[in-house]
Structures are given as structure tokens and as C-alpha cells.
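The lines below spell out each chain.
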Amino acid sequence: MKNILKNIEGDRAIWALVAILALLSFLPVYSASTNLVYVANNGTTTFHLFKHAFLLSCGFLIIYGVHKIPYRYFSGGSVLMLPLVVALLIFTLTKGTTIGGANASRWIQIPIIGVGFQTSTLAGLVLMVYVARYLARNKEKVITFKESFIQLWLPIAITLVFILPANFSTTAIIFSMILVVTFIGGYPIKYLASVVGIGVLVLTLFVLTAKAFPNAMPNRVDTWISRIENFSNKNVEEGYQVEKAKIAIASGGIKGRGPGKSVQKNFLPQSSSDFIFAIIVEEFGLAGALTVILLYFSLLIRFLVAAKKANTIFATLLIIGVGLPIIFQAIINMAVAVNLFPVTGQTLPLISSGGTSIWMTCFAIGIILSVTADKEKEKSIESEENPLDILHETIG
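Scope of this entry: the structure provided in the associated data block. Quick caveat, the model's predicted, so the values are computed rather than measured. (Residues numbered from 1 in each chain as written. Predicted model: local features only at pLDDT ≥ 70, side-chain atom pairs only at ≥ 80, totals over all residues. Heavy atoms only, no water.)

1. Notes on the environment of F314
Condition: Comment: elements are numbered from the N terminus, with helices defined as DSSP H or I runs of at least four residues and strands as E runs of at least two. Contacts are assigned to residue pairs that have any heavy atoms within 4.5 Å of one another.
Topologically, F314 is positioned in helix 14 (residues 313–337). For F314, the contacting residues outside a window of four places in its chain are Y71, R72, F74, S75, V129, A132, R133 and A136.

So, in C-alpha cells, the structure goes:
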């Protein structure tokens, strides 16, 4: 452990903030896991605590391993990963119907350790790196819509098409983040407007097709529509989850009920994942809520500082591309808990229980730390003979 601590590189503030978020997650996850034990009849609270500790430990090993990789390798790696990601999405979409009562077309089960892996989160990460790569490579060129459609938007569209049927919220987040990164990266606004228009048209056609042929493919269109209608229509009785989340937040007050003393954790589904922010507020009050918000805001500031200090266009866009979705996901999760946004099923990064969210967030943070470690300056004498360098140059 001492050797690992001595060898960590990159922005120490990001390391510290990630560690604090991870440590703060243990109390609410342990407390909220009683819902899984007594309501879902799944394991024990100690089991879920140790499982969360195991997932976080693996996550930090992922951060450590990824941040040691020169960030330029992620450029070519995104090209190699795209076909694999599409294959995984197709497999996931056609795999099954339920895992613990949830739609299994979002997950594949990892053998031995029994952790569900949500392939759409991996797809989102790969796409963000791929977009950063394209924009950096074409920064000095005049971009035409036809050329960018084939090289940029077609791979994005193919990937998102296989995420959409099972997970509209993740599709929307990825697409929104891609639009933000392409705008920051200098992609012509007139083309972005066309892309948005095409995206809306494709989504409309998909919804109409799914409603007309409901058994043609696994999809959650009816669920999306009902959630949006319930959120937008104030005369409709609030959904069970939102109602319980609001009760939890209201009963938290300024000081909260105290660690482990949440009442709504026994009634609120997904209290240890999607709605863990409501449990945090109930147990730790306004102070707990503001602490969590401040930590994510601080993380955003460090991401922006790192992006500004980056010495290449690709490095800057890479940090923005993989960093902003983490903060955006946190905002959406908290907004859902306080009924400012329709229910989406998005977890609170580094705090909610769940293997995929933790691991993919840690992978993204590892990429950012790889950039801040400035690996480009640490080329060895034999770098030209390194097979990874040769592969990188070939793809790049």
C-alpha cells in the first residue's frame, strides 16, 4: 500500500475529493441497504457493506492502473473499443428480461463475482473519448457535414441506437454531453442544429414504432412516457418513489435524523442507489446535502482547472468529455430526488451502491488523472519500439 501511495500521480485534489466521496458513501449505503435486506429479502446489511467496500476497492485499483497509462493511448483505444461495445450492447439488449425485478436488457452478469455490468455506461465512456479524438484531429481542418457524419455521427448513432430501447435516460445524457463537447471543440453550430433535428426525428420514429409494435423488441417506451407525463402534469398523483423521497427530504430538516435513523429507507425502492441522496438528506439534513453538493462542485472546478492546464487539444477535450458526465449525472440524481426532474434511474457517482457506475466513474477519473500526470513527458528511450506506441501511431 505504501508503494502505491508513493507512486500516485496527477492532481492530488482530485484524488482527495474522490476519496472523500467514497468514504462518505459507506454510512448511507450501509443504512439504506436495510431496504434490500428486509424488503427485497436480499442478503444482510453487512454483506452489502462489504460488497460496496469491495467495489470501491476495485474502483480505486482501476483509477491507479488507468492513471499510469499515457493518455494518448486512449485515442486509438476508443477506435478499437467501439466495435466491441456495439457487440456487447447487442448481446445485452437480447439477453433477458429481469435481474432482481429490473429490466435485464441494461445489464450482463459478470461470472464468479455476480456483479451486474451495465454496458451502456462503458459505451458512453468510449464514445466521449472517441468524440474528443475526432475533434482534436480535425481542429485545424474545415469540417464538412458529410465527412463528419460518416466519421463522427454514424458511429455515435449506431451505438446509441442499441442503448435507447432499454435506457432512454442514459442515451439522452450521452447525446447531450456529446453535443456539449462538440460545441466546446469548435464543431460548426449549423451542423449541430441539423444533428439535433435528426436525433429528435429518430427518437420520434422509434417511439411511434415501439407503440405500434410493442412486442417487436424489448423497450421501456411506456415507462418513459408515463414518467414524463406524471412529472409534467401537476394534477397527477406523484409516483411512489418520488413521494417517499420527498417525505425523506422533508423529515431530514436542518440537522437530520442522525446516521442510520432513516425511516423512509424501509419504504423507498432503490434507496441505496437511485434515491440515496434522499436518504442522505433524511439522516444528515441540510448540512449533509450541502456537503455532497460542495464536493461535486469542487470536483467540477478541479476538472476545469485540469482541462485549462492540459498541453494538447485532445487532453483538454478528453478531460471535459469524461469529466462533465460525472457531474451531470450527479446533478440529475439529486434533481430527481427533490422532484426537479423525472425519474431516470441514474445513480449518484461514487456514493450509490452498484458496480458498473463505480467502476466506470473510476475509469473516467483515471483517464483525467492520466492527463494531469502529464504522461507525454515521460517517454522512455525505447518508446519507438513499444508495441503500444506503434499501434497508437497506426490508428492515429
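2. A look at unusual backbone geometry
Negative phi characterises most residues that are not glycine, and trans characterises most peptide bonds. Definition in use: Buried residues are those whose accessible area, probed at 1.4 Å on protein chains only, stays under 20% of the maximum for their type, while exposed residues exceed 50% and partly exposed ones sit between those limits.
In this structure, Q270 is a non-glycine residue whose phi angle is positive, near 60 degrees. Topologically, Q270 is positioned in the loop between helix 12 (240–252) and helix 13 (276–309). Residue Q270 is classed as partly exposed on the basis of its relative accessible area, which comes to 42%. Even without being glycine, L350 reaches a positive phi, approximately 70 degrees. In this structure, L350 sits in the loop between helix 14 and helix 15 (355–372).

3. Digging into the side chain of N167
As a reminder, the rule being used: Whenever a nitrogen or oxygen atom comes within 3.5 Å of another N or O atom, the pair is scored as a polar contact, on the condition that within protein one atom can donate a hydrogen and the other can accept it, and that pairs from neighbouring residues in sequence are kept only if both atoms are in side chains.
With respect to the element layout, N167 can be found in the loop between helix 8 (145–163) and helix 9 (168–184). Within the structure, the side chain of N167 is placed 2.9 Å from the side chain of T170, a separation counted as a polar contact.

4. With respect to the packing of helix 2 (residues 12–24) against helix 15
Helix-helix packing is described using two parameters, namely the angle between the two axes and the distance between the axes. What counts is decided by this rule: Lines are fitted to the C-alpha atoms to define the axes, a helix being fitted only along its stretch in contact, and any angle between axes, read from their N-to-C directions, falls within 0 to 180 degrees. Angles below 35 degrees are treated as roughly parallel, those above 145 as roughly antiparallel, those between 65 and 115 as roughly perpendicular, and all remaining angles as oblique. Two helices cross in a left-handed way if the nearer one is turned anticlockwise from the farther one by less than a right angle. They cross in a right-handed way if the turn is clockwise. Residues are sorted three ways: Asp, Glu, Lys and Arg are charged, Ala, Val, Leu, Ile, Met, Phe, Trp, Tyr, Cys and Pro are nonpolar, and all the rest, Gly among them, are polar.
One can describe the packing of helix 2 onto helix 15 by two numbers: an axis separation of 10 Å at closest approach and a directional angle of 160 degrees. In terms of orientation, helix 2 and helix 15 fall into the roughly antiparallel class. Where helix 2 crosses over helix 15, the two elements pack in a sense that is left-handed. Note on element contacts: helix 15 touches helix 2 through I365, I368 and L369, opposite I14, W15 and V18. Residue classes in the contact of helix 2 with helix 15 are distributed as 6 nonpolar, no polar and no charged.

5. Thoughts on the packing of aromatic side chains
For the record, the criterion: Pairs were defined over the aromatic rings of Phe, Tyr and Trp, the Trp ring being its six-membered one, requiring ring centres within 6.5 Å. Orientation was assigned from the angle between planes: stacked under 30 degrees, edge-to-face over 60, tilted for the rest.
Counted by the stated rule, this structure contains 6 aromatic pairs. Seen in terms of ring centroids, F145 and F149 are 6.0 Å apart; in terms of plane orientation they differ by 40 degrees. Their pairing is tilted. Linking F145 with F149, this pair stays in helix 8, spanning 4 residues, or about one helical turn. What makes F145 partly exposed here is its relative accessible area of 23%. Overall, the relative accessible area of 34% leaves F149 in the partly exposed class.

6. What to know about helix 2
Note the threshold: Multiplying 1.5 Å by the residue count of a helix minus one yields the expected span of that helix.
For helix 2, with 13 residues, the first-to-last C-alpha span of 18 Å sits near the 18 Å given by 1.5 Å per residue. Among all positions in helix 2, only I14, W15, L17, V18, L21 and A22 are buried. Against helix 3 (26–32), helix 5 (45–67), helix 13 and helix 15 lie the buried residues of helix 2. For helix 2, the side-chain oxygen to backbone nitrogen distance between the N-cap and A13 is 2.8 Å, and the N-cap itself is D11.

7. Describing a nonpolar patch on the surface
Where we set the bar: By definition, no residue in a patch forms a salt bridge, and every one has over 30% relative accessible area; like charges are joined within 9 Å, nonpolar side chains (Val, Leu, Ile, Met, Phe, Trp, Tyr) within 5 Å. Note on areas: Shrake-Rupley, 1.4 Å probe, and residue coverage restricted to the protein chains presented here. Salt bridges are counted wherever a side-chain nitrogen of Lys or Arg sits within 4 Å of a carboxyl oxygen of Asp or Glu.
Together, F149, I150, L154, I158, I198 and V202 make up an exposed nonpolar region whose accessible area comes to about 480 Å². Sorting the residues of the nonpolar patch by element identifies helix 8 and helix 10 (189–212) as the ones contributing at least two each. If one sorts the elements of the nonpolar patch by residue count, helix 8 sits on top with 4 residues. By the element assignment, I150 lies in helix 8.

8. A short note on the nonpolar core
Under the convention used in this document: The definition of a nonpolar core used throughout is a set of buried Ala, Val, Leu, Ile, Met, Phe, Trp, Tyr and Cys residues joined through side-chain atoms within 4.5 Å.
Core analysis: the largest hydrophobic core is formed by 99 residues, its most contacted members being W153, V322 and L348. The biggest single contributor to this core is helix 13, with 15 residues. If sequence neighbours within four positions are ignored, W153 has contacts with S148, I178, L179, T182, Y187, L192 and V195. With 5 residues, the next largest nonpolar core counts L164, F206, V221 and W224 among its residues.

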